[in-house]
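# Geometric and topological summary
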Amino acid sequence: MAPRKALLALANLLIPVAILVFATGFFPYKPFMPGLAEYEDVTWMSQQGESRGDLQSPEAPFDKLVFMVVDALRSDFVYGEESGMSFVQSLIRDGTALPFTAHATSPTITMPRVKAITTGSIPSFLDVILNFAESDTTSTLATQDTWLAQIKAKRFGDKQGKLVMYGDDTWLKLFPDFFERADGTSSFFVSDFTEVDNNVTRHVPNELLNDDWNAMIMHYLGLDHIGHKAGPKSPNMVPKQKEMDDIVRTIYTAIENEDHLSNTLFVLCGDHGMNEGGNHGGSSPGETSPALVFMSPKLTKITQNQADVQSPMQPKTEGEFDYYRTVEQSDIAPTVAGLLGFPVPRNNLGIFLSEFLGFWDTDSDRTQLLYRNARQVKRIVQATYTSQIFEDLETSSRHTETLECNHLNGGEKLACLWNRAVRQVVGNDTDITKREHLSKFMYEAQDAMSSAASNYDVSRLFLGTGLAILICMLSFFTISSLRPVSSAGLYYSLTLALYAVLMFASSYVEEEHNFWYWITSGWFFYLYLGSLREGKNNSWLLHPALMALVIHRIVRRWNQTGQKFAGADDIVSSGIFHGNNSMLLWVLVGATYLDVTNRISRHIARSVVTLDKAVATPRVDAEPEQQHRMMGSLIATPLCVAAVVFKLAFTAKDAPELTYGISEGIMERVEMLNLVDLARMVFGGIALVFAWILFSEYQRSTRRAKLHIHGNGDLATAFLDMFTLFLLTQTKAQNVPLYLLFRIQFFFLTLLPLTQSQTALTTLLLSQTSFFALGLNNSISSIDLSNAYNGVSGYNILAVGLLVFVSNWAGPVYWSVAGVCLLGGYGENSARETRSDSITTGAKPKRSWVEAEHAHLHDLAKPKAQIADGKQEKDVWTSHVALLTLFTGVMLASVMAACTALRTHLFIWTVFSPKYLFAMAWGMAWHLGVSLGLGGLVWRMGKW
Amino acid sequence: MASATGIPAVPAQKAPATPIEPLNTDAARIYTHIHPFLVLSLYAFKFNDLVADPVPALLSTLLPLAVLQIAYVAICLPPTSGTSTPAQFKKQKLGDKKKPAPGKLEKGINGTIVPAFLSLLLTTLASTPLLTSTLVLFGAPVTTHHTHTLLAGAHIAVLSTLPLVYVHGVSGETWREAVALLLPIDEVYGGLIGTVLGAWLGAVPIPLDWDREWQKWPVTIVTGAYIGYAIGKLLGGTLLKGRKIMFE
């Protein structure tokens, strides 16, 4: 058996290697140009033919910047008819504000968006991971060219530029030591709607009186938090918009009245939007359409000749979020650069917003601005397409013919467009034509450079995929029961094959839950048929497999997930748990906790009796008596009450509409409690009780060892139940009753004589099913961060990361552990049977699957040597791991192959890349950490 | 998946169930092959209506389908002899071979048409609700589309169980064996398995983002059932005939 285990270990060690190799090829660091951009000399003959010598850079209309970011400020929150931002709308009508919709590219989460806004580049997908692992310092922009760095480097009058920053500490992490004064707030406390914003606003009046800064950056988080909690239609949303509007009014009034602020450009923008669920990360119209408003009394200069702008207004397309002109988010950087008079940051791919050209009176200044912008973009294009020839002003003057570029592609087309534009610039065309050609080049360059296809390290993609396939092969050969082919094995292969194929279909990646629901239904029915064939179970209607199927049917409707039917009615959102009906939810939640309490108290009772009768009786398993049971309840009840109170207090802050059914008196008291302390109390209690159980079980196991009796898995079951309580704490209230259903399903499964491969398959299917049933899907926006800070008061990457994983993968984690208990036959009934077994006869407990296996072997009358029981037991775990590893291998291989094959697909960044991120989490955290790590621990516990 | 391995039906302790042989008449031999085409043609003919508005189309197709199925069982299949044991049944069948075609119309009606209609009745009363609830268990909508699901269940029932009731009657044991996939495969049983598997596989295209009208409930399920029926009946009557489904 040794080579088999070695192969299996190798396969599992290769999992992180394959994942990392592929990830570095798939999400490469984009090469960026170091150093700060500087004004260069540009010379050309203007159309009049007079030589100008070196052109001075055009004089900037502004010398101060107030940059106000409101997290998740979707365009309709400012421009729409239901918006609360009436002051901004009045400025738009007056012509002192210029509104845009700033298209944010996926991934629509804060850090990459801030990068796009400040550098003008289009950040790589890698920033998603870095966004969650915020402490990573390699992602800082300290060495990159941004408009912040430019302001810091520029001399305003006789002083260096100075920056101040208030709000989201992402900025402080991205720009360490950039700010003269700063006060950061953490964005992870999502249930905090007011404190985060007050923390910013309290600095505003003072800073408006200070005249030492040149740029003030504010980043408000409250609106995003409201979205995460209750969506864009939350009753808190409009008041929050009004609050933001008031801040805009304060600042704008100061700009109007204070002399030192008179040349201040005021920018209000969102970093991304939100979808109808209030989440973001993906690429739906809502998520990619934040608002962007430039405000200043001086803007009347460029708006006076325009037609009156309507505000509030309807979006151009019904149900979309396209208000006014849609620009790219990266256009902010060159626009700010132009308006404040410093060079465009070097890695910028944005285009100066043409509306603002009106600030400059002469045509040559306008053309020069665009030309400098275009020249800078050209550098990046040139670095990407090194084989193309991009002409200079000097060289191009020799050519006079007009180039026709439309038939070309890629780098050739860009080079052609650039050369054409350069020839126009030196030629005798009107300035309007010159600017048209420069813009044409920049738009094309922006399109080409932001498209995904340019930056893969294809050899690494193939290497990673190859490694994943190697994992599949290695683990395939470690599967013991290839012959004879079992039906479970066939169903397992069918599942894997279908899954591998479906990973190539974008709609099935989005609707992956449907596959798992479908295949799991089939599997339970199949178990039902298999059991009927045996003819042992007489009840054909109330059959355990059928009951498991019924519960599966309820579980899959609990949360609607996926994209195609997103927002369709499900059990949670149907209204039966909302408002005054929420009593029903809390009855179910109570039932779930009561069930757990009951189980835990039984475990405690057992440990009490073990320690109590340590000397008195030589028997291994004394039956708990009345007083022991009492003791168990006395300990378990306070723990679980604390857990329920925490859930109640958390929900009151998290989703208050779910607590309206509970009397106000109770809620008032509960809301006074400190969530962090409560959570710590619960976690600490769980750890304490489990430590005690561990100790007593250790006593029992030493006693058993003396009598040469094997363990019966009590400790594993105890772990499952204690762990359930922990998972419940990490689960949203509306999902808590699911664990009651899971537990019932587990109970029915213990009644079925499952073989080892059947158990492994059941574990896999239910892990996947429960992941989606808890409301997740393969888009980043479905990741829930609300339970990330339970019991954590500061930012601790390890604790928060762990809690985020556990709260999102709670279902799969539950089923991994439960699957191990199923594998060992530690379920409810069998445990009791085996206990009485060992009491009465002291015989080795027979596991139900062992019986089944024996019967099966007997039936087939195969001339296979009967393996000794002890050896076979060890074997069971290895076989289990082999099947789980094969699944993970196939999952990784198929996702990687799909990402490689479809790397130029339209949906690569919106569907397949997020899927790969999820596959990483499944492979590393779930498979290696939970299935093997935690599962192996539980398996060993069961043997105690 | 259950596999139809090459092992022929092994004699067990109890009287073995034997595969159903179609009647030994010319009409039976011919019609048993025409029948699937007729059923599929009926479905193909109604398909556009079905996509446009499932409920009326399913409802109006149900009667012709039932007529076709009744004709099929009456012409091609040996009726069950009530509570007769398989042994008697076998004997009777042998008798049939010896004296071909009694030619009595009355006997024909009593022997075939009446059981055929009884099977239809049973299919409607018992197997339609059962199959409909199975559909719901497998994920059919609960709060909406009740008629859709019920009619889909009815179509699957008429396709799959009507012939089975006709040849096997209502013996509980036989039905347990049928559900447990223990009967030897023949064209009737193959039809049942094909229909059910087809309906299950029919759910696969629903989540795709093709935005086609036919992806709506329950068009793909019923289509899968019809195609599965034809394939299952064909394979059951020819290639896989007499084999037993092995599980382990």
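Residues numbered from 1 in each chain as written. Chains lettered and ligands numbered in written order. Predicted model: local features only at pLDDT ≥ 70, side-chain atom pairs only at ≥ 80, totals over all residues. Heavy atoms only, no water.

### Some thoughts on the overall build of chain A
Just so we agree on the cut-off: In this text, helices come from DSSP runs of H or I with a minimum length of four residues, and strands from runs of E with a minimum of two, each type numbered from the N-terminal end. Exposure is judged per residue with a 1.4 Å probe applied to protein chains only, and the accessible area is read against the type maximum: over 50% gives exposed, under 20% gives buried, and values in between give partly exposed. Contacts were defined at the residue level, with two residues in contact if any of their heavy atoms lie within 4.5 Å. With residues, only the protein chains shown are counted as cover, and all accessible areas are computed by Shrake-Rupley using a 1.4 Å probe.
The helix and strand tally for chain A stands at 36 helices and ten strands. Looking at the 944 residues of chain A, the share that counts as buried comes to 60%. A fraction of 78% describes how many contacts in chain A between residues 6 or more apart in sequence connect residues 24 or more apart. Carbon and sulfur atoms form 58% of the exposed surface of chain A, whose accessible area is close to 36,100 Å².

### Section: the overall build of chain B
Looking only at helices and strands, chain B has eight helices and two strands in total. For chain B, the sequential pattern of α-helices and β-strands runs β-α-α-α-α-α-α-α-α-β. Counting only residues that meet the buried cut, chain B has 44% of its 248 residues in that class. Pairs at least 24 residues apart make up 81% of the contacts formed inside chain B by residues separated by at least 6 positions.

### Examining the UniProt feature "transmembrane region" (unreviewed entry) in chain B
Residues and elements named next belong to chain B. Applicable threshold: UniProt positions are given in the numbering used here, feature names are shortened, and annotations may be inferred rather than shown by experiment.
Here the UniProt feature "transmembrane region" (unreviewed entry) sits at residues 57-75, 113-138, 150-168 and 188-208. End C-alpha atoms of residues 113-138 are separated by 35 Å, and the span's content is 96% helix alongside 0% strand. Across residues 150-168 one finds 100% helix and 0% strand; the C-alpha atoms that close the span lie 25 Å apart.

### With respect to unusual backbone geometry
Note the cis peptide between A:S311 and A:P312, where omega equals -5°. Inspection of the secondary structure puts A:P312 in the loop between helix 13 (300-303) and strand 10 (325-328). Despite not being glycine, B:H145 shows a phi value in the positive range, around 55°. With a phi close to 55°, B:D211 is a non-glycine residue in the positive phi region. Here B:D211 shows up in the loop between helix 7 (187-201) and helix 8 (219-237).

### Things to note about empty space enclosed by the protein
All names here are of chain A. The following threshold applies: Here the term cavity refers to a set of points on a 1 Å grid, laid over the protein atoms alone, in which a 1.4 Å probe fits but cannot get out; the term pocket refers to an open set having protein on both sides within 12 Å along at least five of seven lines, with lining residues being those that place an atom within 4 Å of a point. Grid points are joined across faces, edges and corners, and a volume is the space filled by probe spheres set on the points. For this classification, Asp, Glu, Lys and Arg are treated as charged, while Ala, Val, Leu, Ile, Met, Phe, Trp, Tyr, Cys and Pro are nonpolar and the rest, including Gly, are polar.
Per the counting criterion, the structure on display carries six cavities of 30 Å³ or more. Space inside the second largest cavity adds up to approximately 50 Å³. Taken together, T592, D595, V596, R599, D721, T724, Y739, L740, R743 and Y814 make up the lining of the second largest cavity. The set of elements that each furnish at least two residues to the lining of the second largest cavity consists of helix 24 (582-612), helix 28 (714-729) and helix 29 (736-751). Across the lining of the second largest cavity, the residue classes break down as four nonpolar, two polar and four charged.

### Considerations on a nonpolar patch on the surface
Residue and element names in this part refer to chain A. The following threshold applies: Distance thresholds for patches are 9 Å for like charges and 5 Å for nonpolar side chains (Val, Leu, Ile, Met, Phe, Trp, Tyr), applied to residues having over 30% relative accessible area and no salt bridge. Salt bridges, as used here, are contacts in which a Lys or Arg side-chain nitrogen is within 4 Å of a carboxyl oxygen on Asp or Glu.
Where nonpolar side chains cluster on the molecular surface, the patch consists of I469, L470, M473, F476 and F477 and spans about 470 Å² of accessible area. By the secondary structure assignment, F477 is in helix 19 (residues 458-478). What makes F477 exposed here is its relative accessible area of 58%.

### A word on the sheet that holds strand 6 (residues 181-185) of chain A
Within a sheet, each strand pairs with its neighbour through backbone hydrogen bonds, oriented either parallel or antiparallel. Residue and element names in this part refer to chain A. Operational definition: The rule for pairing is simple: two strands pair if DSSP sees at least two bridges between them. In this description, a line fitted to the C-alpha atoms serves as the axis of each element, helices being fitted only across the stretch in contact, and the angle between N-to-C directions of two axes falls anywhere from 0 to 180 degrees.
Sheet architecture is open: eight strands sit in the order 6-5-7-1-8-9-2-10, paired in mixed fashion. On the outer flanks of this sheet lie strand 6 and strand 10, each paired with one strand and no other. On average, each strand axis in the sheet is inclined to that of its neighbour by 20°, with strand direction left out of account. Bridge count for strand 1 (residues 64-70) against strand 8 (residues 264-269) is six bridges, and the pairing is parallel. Counterpart to M68 in the pairing with strand 8 is L268. Across the face of the sheet, helix 3 (residues 86-94) comes into contact with strand 2 (97-103), strand 8 and strand 9 (291-295) while running at roughly 110° to strand 2.

### Some points on the environment of A:A799
Residues and elements named next belong to chain A. Inspection of the secondary structure puts A799 in helix 31 (residues 797-808). Among the residues examined, A799 registers a relative accessible area of 24% and is labelled partly exposed. Through-space distance from the C-alpha of A799 to that of C405 is 56 Å; in sequence the pair is 394 residues apart.

### Structural notes on helix 36 (residues 908-943) of chain A
Quick reminder: α-helices carry 3.6 residues per turn. Residues three or four places apart thus point the same way. Convention followed: Note that the bend at a residue is defined as the angle between axes fitted to the seven residues ending at it and the seven residues starting at it.
Along helix 36 of chain A, the sharpest change in direction is near 40° and occurs at A:W926. Counting buried residues along helix 36 of chain A, 26 of its 36 residues qualify, which places the element largely inside the surrounding structure.

### Focus: the interface of chain B and chain A
This is how it is decided: Once two parts are joined, some of their accessible surface, as seen by a 1.4 Å probe, is lost; buried area is that loss totalled over both. Polar contacts, as used here, are pairs of N or O atoms within 3.5 Å; protein pairs need one atom able to donate a hydrogen and one able to accept it. Residues neighboring in sequence count only if both atoms are side-chain atoms.
The interface is formed by 29 residues belonging to chain B together with 34 residues belonging to chain A. Between chain B and chain A the total buried area reaches about 2,800 Å² when both faces are included, carbon and sulfur atoms providing 65% of it. Linking chain B with chain A are zero salt bridges, by the criterion used here. Seen at the junction of chain B and chain A, the total is ten residue pairs in polar contact (both at pLDDT 80 or more). Per-element tally for the side of chain B that touches chain A: the top contributor is helix 4 (residues 105-137) of chain B, with three residues. Grouping the constituent residues of the side of chain B that touches chain A by class yields 22 nonpolar, four polar and three charged.

### Quick look at the packing of aromatic side chains
Where two aromatic rings form a pair, the distance of their centres and the angle of their planes describe that pair. Residues and elements named next belong to chain A. Which entries qualify depends on this criterion: In this scheme Phe, Tyr and Trp rings, the latter by its six-membered ring, pair at centre separations within 6.5 Å, and the angle between planes marks the pair as stacked below 30 degrees, edge-to-face above 60, and tilted otherwise. Think of it as a cone above the ring: NZ of Lys or CZ of Arg counts as a charge over the ring if it is within 6 Å of the ring centre and within 35 degrees of the ring normal.
Within the structure shown, the criterion is met by 56 aromatic pairs over all chains. Residues F515 and W516 carry aromatic rings whose centres are separated by 4.9 Å and whose planes lie at 65° to one another, so their mutual orientation is edge-to-face. The same class applies to F515 and to W516, which are both buried. Each member of the aromatic cluster is reached from another via a ring pair, and the members are F62, F100, F294, F352, F356, F359 and W360. Taking the ring centre of W213 as reference, the NZ or CZ of K64 above it sits at 5.1 Å.

### Notes on the nonpolar core
Put simply, the test is: Only buried Ala, Val, Leu, Ile, Met, Phe, Trp, Tyr and Cys residues count toward a nonpolar core, and they belong to the same one when joined by side-chain atoms within 4.5 Å.
Grouped together as the largest cluster of nonpolar side chains are 225 residues, with contacts concentrated most on A:F26, A:I600, A:L725, A:W809, A:Y916, B:L77 and B:Y189. Looking at this core, the element that brings in the most residues is helix 36 of chain A, giving 17 residues. The residues touching A:I600, leaving out its near neighbours within four places in the chain, are A:A636, A:C640, A:V689, A:D721, A:M722 and A:L725. Grouped together as the second largest cluster of nonpolar side chains are 74 residues, A:L174, A:I332, A:L438 and A:A445 included.

### Comments concerning the packing of helix 25 (residues 626-654) of chain A against helix 28 of chain A
Residue and element names in this part refer to chain A. Stated formally: When describing relative orientation, an angle under 35 degrees is termed roughly parallel and one over 145 degrees roughly antiparallel, while 65 to 115 degrees is termed roughly perpendicular and anything else oblique. Handedness of a crossing is defined here by the sense of rotation of the near helix relative to the far one, left-handed for an anticlockwise turn of less than a right angle and right-handed for a clockwise turn.
Their axes nearest at 10 Å, the elements helix 25 and helix 28 cross at an angle of 20°. The orientation of helix 25 with respect to helix 28, classified from their angle, is roughly parallel. Between helix 25 and helix 28 lies a crossing of left-handed hand. Along its contact with helix 25, which presents L639, C640, A643, F646 and K647, the element helix 28 presents M722, L725, L728 and T729. Among the residues making up the contact of helix 25 with helix 28, the classes are represented as seven nonpolar, one polar and one charged.

### Looking at the state of the cysteines
Put plainly, a disulfide is one covalent bond tying together the sulfur atoms of two cysteines. All names here are of chain A. What counts, and what does not: In what follows, a disulfide is any cysteine sulfur pair within 2.5 Å.
Within this structure, the stated rule accounts for zero disulfides over all chains. The thiol of C472 is not disulfide-bonded; the next cysteine sulfur, from C899, is found 15 Å away. Take C472: its relative accessible area is 13%, and that puts it in the buried class.

### What to know about the environment of B:L42
Residue and element names in this part refer to chain B. Inspection of the secondary structure puts L42 in helix 1 (residues 26-52). According to the relative accessible area criterion, L42 is buried, its value standing at 16%. Taking the C-alpha atoms as reference points, L42 and T61, 19 residues apart in sequence, are found 7.7 Å from one another. Not counting residues up to four positions away in its chain, the partners in contact with L42 are T61, P64, L65 and L68.

### Brief notes about the side chain of A:H543
Residue and element names in this part refer to chain A. Note on placement: H543 falls in the loop between helix 22 (512-534) and helix 23 (544-556). The class for H543 is buried, based on a relative accessible area of 0%. At 2.6 Å, the side chain of H543 forms a polar contact with the side chain of S531. A polar atom in the side chain of H543 sits 3.0 Å from the backbone nitrogen of A545.

### Side note on the pattern of salt bridges
Residue and element names in this part refer to chain A. Scanning the entire structure with this criterion turns up 30 salt bridges over all chains. Between E276 and R74 there is a salt bridge, and its shortest N-O distance comes to 3.4 Å. Residue E276 is found in the loop between strand 8 and helix 12 (285-288), and its partner R74 is found in the loop between strand 1 and helix 2 (75-79); the two are separated by 202 residues along the sequence. Between K233 and E276 there is a salt bridge, with the nearest N and O atoms lying 3.1 Å from each other. Of the two residues, K233 sits in the loop between helix 10 (222-230) and helix 11 (237-257) while E276 sits in the loop between strand 8 and helix 12, which places them 43 residues apart along the sequence. Under the relative-accessibility criterion, K233 is labelled exposed at 64%. Salt bridges sharing common partners tie together R74, D76, K233 and E276.

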